Structure formats: C-alpha cells, structure tokens
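Architecture and fold: a report
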Amino acid sequence: MIDKEKQQRYLEISKQITEQIGGKDNIVASTHCATRLRIVLKDYDKINKEAIDDIDLVKGEFVAGNQLQIVFGAGLVNEIYEVFGQYTGTAGASMAEVKAEAAKKMNPLQAIIKSLSDVFVDIMPGILAAALLSGLTGVLSRWEVVESNATLYAINRLVSLASNGIFSILPLAVCYSACKRYGGKPILGLVMGAIMLDASLANAYSAAQGQVEPEILQLFGLNIELVGFQGGIIIALMMGFVVAKLDVFFDKKIPDVVKLLLSPMCSVLISTILLFTIVGPAGRLLSNGITNGLIWMTQNLGIVGYMVFGGVQQIIVITGLHHIFGAIEAQLLADTGRNFLNPLMSVALMGQGGAVLGYLALNWKNNKAKELCIPSFISTLFGISEPAIFGINLRYKFPLVAGCIGGAIAGGYVFLSGLASLGFGTTAVPGLAICDPAGNGYINYIIAHLIALGVGLVLTAVFGKIASKKGA
C-alpha cells in the first residue's frame, strides 16, 4: 500500500503528466515496464516534452514503438503507475495490450521491424543460456586440468552439449516463434521447422562443402535440391510467416465440418512446396547476401567499416531500426560461428554511457541532472541505452555526437583486437559473458568498453565547455 503522502505526490505527478500529453481524452492505453511508464496516445503532437522533463521524479522521456515512455526508475514506476492508471482510467492494461494498441499507429516499416523483434523475444532466453554456456565451455576447455580430471571433463562435456542445443535447432525455434507471432498455430511452425531440419535431407553445411550429393527432384520440369536448412534463420522467419498466413487463410475458407482435417494439411503441404521452390532459394540468396556483405565490410573496409558501424549504431537505435540486427546476428553466428556485430553494438552503447557521465560532470551541482544521468548511466551498463539517448544525449545534442565518436574509436579497437561474441541479445557488462575468449577476448572486451566510455566522457566535457563559451 502507498502511504497518503506518497499518494498525494504521485497524484500530482499524474495530473501534470496528463496535462502535458493532451489530457485524459488523448490517452489510449497505459502500462509500465521495469523502469518506465508507457503511454499510447491518439495524437503525439500534443506532448510537451520540456514540461514533462521538469515534472517531479521524471528522469527522462522519449517516444519509441509508438509509446510515450517516461523514465522513473525501478520500483518507483510501479507505485506511480498505480496512481496514474487510476487517475486516467487506464489501469489494468497488460504490456501486450498496450503494444497491440501502439502497433496500430506504426507505419509499415516500423511494424515489420517490430514484428521481427517480437519473434526473438520468446526464444531469447534459450539463446542467451546457450551463449553463456558457450563462453563457459570455451574457458574450461583451455585448462589442462579439465582434460585430465574425469569429473571436470564430464562437467565440461555436459556444458558443451547444453550450449549446442538451441543452435542445432534454431531454425525450428525461429519458425515456431514466427508462426506464433504472425497469428498461426504455433505447432505448425514446429512442423515446418522440423521439415527444414529433416534428417533425410542433405546437410546444408556438408552440401556446401561438396561432401554430400543432394537428391534432386523434378517438379513440373523444375529441379529441386533436397538440401536441409541448417542455419537458415532468415528462411525460418519467412516460413513462419508463410505457414501462419496460410493457416489463417484456410481456417477462414474451409468449412468447420472438415476444417480440423484439411486446414493444417493444406497449410503444411503448400508451405513445404514453397519452402523448396521459392522461399528457400530466395532466403538463401538473401542470407548469403547479408552475411557476405558483412564479411566483405570486415575484409575490404577493415577498421573504417568497424568505426563507421560503431559510430552510427546508436543513431539507428533512435530510428528503431536496430531490432532487425537480431536476425542478422543469428544468421552470422549460424554461418561463421562468431558474431563481430555484438561487441560493436556494445561499445556504441557504452560511448553513449560515457557521454552521460560527461554531461553529469558538467552539471554536477544540478540535482535534476543527477536524477537523470545516474540511472541512465546504470541502464547503459546493462545494455539499455534509450534513457541515456532520449533523456539526455539527443536532447542536448553534443553528448550524442561525443558518444558516437567514442563508439567509433572503440569500434576501431574491436577490429584491431579481433573481438567477437559467441551469441547475441546482451551487451555491456552482461555481454562479457558471451564474449569469445579467444585472443584475450575478455581483456579486449573490457579495454574496448573503457575506450568508448572514456572518449564519450571526455569529448562531452570538451564539447560542453566549448558550447558554454560560445553561449557566453
């Protein structure tokens, strides 16, 4: 229970927020996450961002995913939402319901990117677990005592098996999650994923190396190679969408009396034909194009390519397009076993964290700046940069530029040190756990992040001093 003093304080905050977002009539739905109050509005032009920033306890605000997100901090946001929800009449909405309302207001590109991000939400725990275990077995395998001691060897062997599990069936998991996300029966996604990995098909990796000769079918004069789709993450995404839409279509068109028999059969059969004739070949071209493009960047642009990516990645976060990197990282891991994008994104984020510290140093005597900067910096340590970007860096511009430069310089170090990760989905301090330990990977990971942090901090302080002198 919230005591009366807090209740009154939070009610006043709720009234002020409501006033600065166009009133109760402009609110569609609201909820909260771990640190932020999330509000879906009818008209976002009615938001007075400057006034919201000045409201008591507010540590920043930004609009992302067609939601106004106001940063309060862990624990506090729960209490504020309890009062805000009651005051605005929007209490009780779930995160899923709010996201659904927000999705209605997205443009097609935003909706596609958001849906791709949603696909990986369900399977991310398995990916993170496997990545962490991969890092652990990578370390254990380097110790001679592990090889010589039967118990330690057994533990390491079991860790290795656990780490390989999700990656061996990742196309199946992605197809399942995609089918579920796009409105189909999830079991049909599992079926399609199983077809992609069927043991009777030639293994994709072996076929690519010329070690096996795949069976070739003739379908209306078209040659179809029966090759599996191991590592086919993008193809799995596409097939999850296809089987879901076919499932929805046949459920609507087939009479109820035979729907249970015919609808799943038609969906799976047509999806299988499309997999081997259109979607599979097209997906392989797309997957190879993305992977080859990234590899080309590392081989031909070298340090410049890494620095450009490290410098602009957080700008991409502002647009919301960064969610698509999850699929690219998964494909990169499937094709090469290493993910060089993860540490690049991590140092780009840490550059913004350094910029926040630089801004805090410039405004140390300002209590409001402390309330904004300290939680925002802590968030960057755990891989969340939005409070830092939208609460401080983008708002004042020069910290954003300084943070991008910090990310670019650290990106150069990532290239020089050959830094990479064994998984994806986590960055900054937690990202250390999935860092590839090869070539002093852990040490280089820490150094790269300190570079990003230090450069972002120092340049923000320098740019801020210059800006204040010009203003004077």
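Residues numbered from 1 in each chain as written. Predicted model: local features only at pLDDT ≥ 70, side-chain atom pairs only at ≥ 80, totals over all residues. Heavy atoms only, no water.

1. Topic: the overall build of the protein chain
Counting secondary structure elements, the protein chain contains 19 helices and 6 strands. Scored against the burial criterion, the 472 residues of the protein chain give a buried share of 49%. Once local pairs closer than 6 in sequence are excluded, the contacts in the protein chain between residues at least 24 apart make up 72%. Surface summary for the protein chain: the accessible area is close to 21,900 Å², and the carbon and sulfur share equals 64%. (Helix = DSSP H or I, 4+ residues; strand = E, 2+ residues; numbered from the N terminus. Buried < 20%, exposed > 50% of the residue type's maximum accessible area, 1.4 Å probe, protein only. Contact = heavy atoms within 4.5 Å. Areas by Shrake-Rupley, 256 points an atom, 1.4 Å probe, with all protein chains shown as cover.)

2. Some details on the environment of Asp56
Positionally, Asp56 belongs in the loop between helix H2 (49-53) and strand E3 (61-64). With relative accessibility at 34%, the residue Asp56 sits in the partly exposed group. Each C-alpha atom of the pair Asp56 and Ile13 lies 6.6 Å from the other, and the pair is 43 residues apart in sequence. Setting aside residues up to four positions removed in sequence, Asp56 forms contacts with Arg9, Ile13 and Phe72. A polar contact is formed between the side chain of Asp56 and the side chain of Arg9, at a distance of 2.7 Å. (Polar contact = N/O pair within 3.5 Å; in protein donor to acceptor, adjacent residues only side chain to side chain.)

3. Digging into unusual backbone geometry
Of note, the phi angle at Leu57 is positive, near 75°, even though the residue is not glycine. With respect to the helices, strands and loops of the structure, Leu57 is situated in the loop between H2 and E3. Not every positive phi belongs to a glycine, and Phe220 is a case in point at roughly 50°.

4. With respect to the packing of helix H1 (residues 4-20) against helix H3 (residues 76-88)
The geometry of H1 relative to H3 is characterised by a closest axis approach of 9 Å and an angle of 65° between their N-to-C directions. Helix-helix and strand crossings are classified by hand; for H1 and H3 the assignment is right-handed. Facing H1, whose interface residues are Lys6, Gln7, Tyr10, Leu11, Ser14, Lys15, Ile17 and Thr18, H3 presents Leu76, Glu79, Ile80, Val83, Phe84, Gln86, Tyr87 and Thr88. Residues of the contact of H1 with H3, tallied by class, amount to 8 nonpolar, 5 polar and 3 charged. (Axes fitted to C-alpha atoms, helices over the stretch in contact; angles between N-to-C directions. Left-handed = near helix turned anticlockwise from the far one by under 90°. Nonpolar A, V, L, I, M, F, W, Y, C, P; charged D, E, K, R; others polar.)

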